[in-house]
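Secondary and tertiary structure notes
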Amino acid sequence: MPTGVLTGVYRHGVDPKKRLFIPAKQREELGSSFMIVRDFRSPRLKMYSMEKWEEYIAPIRQLERKVAEATMLFLHEEAIVAEPDSQGRVILTPALLEYAGIEKDAVIVGGGDFAVIWSAEAYDAQKKSVDPDELRKILEGLGL
């Protein structure tokens, strides 16, 4: 039964046909079709179930029209509605692969309501830049 929470770290290669295997646990949470979009914050991709995607873009629709349209265009112009094949693979477009810097190896990381697809190199560099003490301070500041 889906929990609605995307978790875990998975390393997979992108094959010559630009297909990326999405782990069964992730597919179970994302559903039979889901969104893959460029991330605003860094050169990586994000995956959302259709339900979480609608929740994500709902506040954008409330913005001033010009800003909302520009934001929605950025999000959707390269986005895909992914439908895994019988082996759990999705086809990533050349534009999405280029944006995320993925040439061969990808890392899929669960982020709760979404999952992130990184190039393996970018993920490894990001992991080295995370300061656990800084995260601890933030969580303690929230009373956690």
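Because the structure is predicted, anything quoted here is derived from the model rather than measured.

1. Let's talk about the layout of surface pockets
Taken as a whole, the largest pocket encloses approximately 160 Å³ of empty space. Lining the largest pocket are 11 residues, and of these Arg 44, Val 109, Trp 118, Tyr 123 and Gln 126 lie nearest its centre. Mapped by element, the contributors of at least two residues to the lining of the largest pocket are strand S7 (105-110), strand S8 (115-119) and helix H5 (120-129).

2. Quick word on the confidence of the model for the protein chain
Of all residues in the protein chain, 97% have pLDDT values of 70 or greater, and the mean over the chain is 91. Within the protein chain, the element-level pLDDT minimum falls on helix H6 (residues 132-141), averaging 78, and the maximum on strand S2 (residues 19-21), averaging 97.

3. Focus: the nonpolar core
Judged by nonpolar contacts, the single largest core of 21 residues is most densely connected at Leu 20, Ile 22, Phe 34, Ile 36, Met 47 and Ile 117. Elements supplying a minimum of two residues to this core: strand S3 (34-38), strand S4 (45-49), strand S5 (80-82), helix H4 (94-100), S7 and S8. The biggest single contributor to this core is H4, with 3 residues. Look past the residues within four positions of Leu 20 in its chain and what remains in contact with it is His 12, Gly 13, Val 14, Gly 88, Arg 89, Val 90, Leu 92, Ala 106, Ile 108 and Ile 117. Of all hydrophobic cores here, the second largest spans 9 residues; its members include Val 37, Trp 53, Met 72 and Ala 79.

4. A look at the pairing of S8
Counting buried positions along S8 gives 5 out of 5 residues, so the element sits mostly inside the fold. As paired strands, S4 and S8 are joined by 3 bridges and run antiparallel to one another. In the sheet register, Lys 46 faces S8, and the bridge partner there is Val 116. In this structure, the hairpin formed by S7 and S8 is closed by a connection of 4 residues, where Gly 112 is found at a positive phi of approximately 90°.

5. What about the side chain of Ser 49?
Of note, Ser 49 is situated in strand S4. We classify Ser 49 as buried; its relative accessible area is 12%. One polar contact links the side chain of Ser 49 to the main-chain amide nitrogen of Lys 52, over a distance of 3.1 Å.

Rules used throughout
- Residues numbered from 1 in each chain as written.
- Predicted model: local features only at pLDDT ≥ 70, side-chain atom pairs only at ≥ 80, totals over all residues.
- Heavy atoms only, no water.
- 1 Å grid on protein atoms, 1.4 Å probe; cavity = no way out; pocket = protein on both sides within 12 Å on 5 of 7 lines; lining within 4 Å.
- Points joined across faces, edges and corners; volume = space filled by probe spheres on them.
- Helix = DSSP H or I, 4+ residues; strand = E, 2+ residues; numbered from the N terminus.
- pLDDT = per-residue confidence, 0-100.
- Core = buried A, V, L, I, M, F, W, Y, C linked by side-chain atoms within 4.5 Å.
- Buried < 20%, exposed > 50% of the residue type's maximum accessible area, 1.4 Å probe, protein only.
- Contact = heavy atoms within 4.5 Å.
- Pairing = 2+ DSSP bridges.
- Polar contact = N/O pair within 3.5 Å; in protein donor to acceptor, adjacent residues only side chain to side chain.

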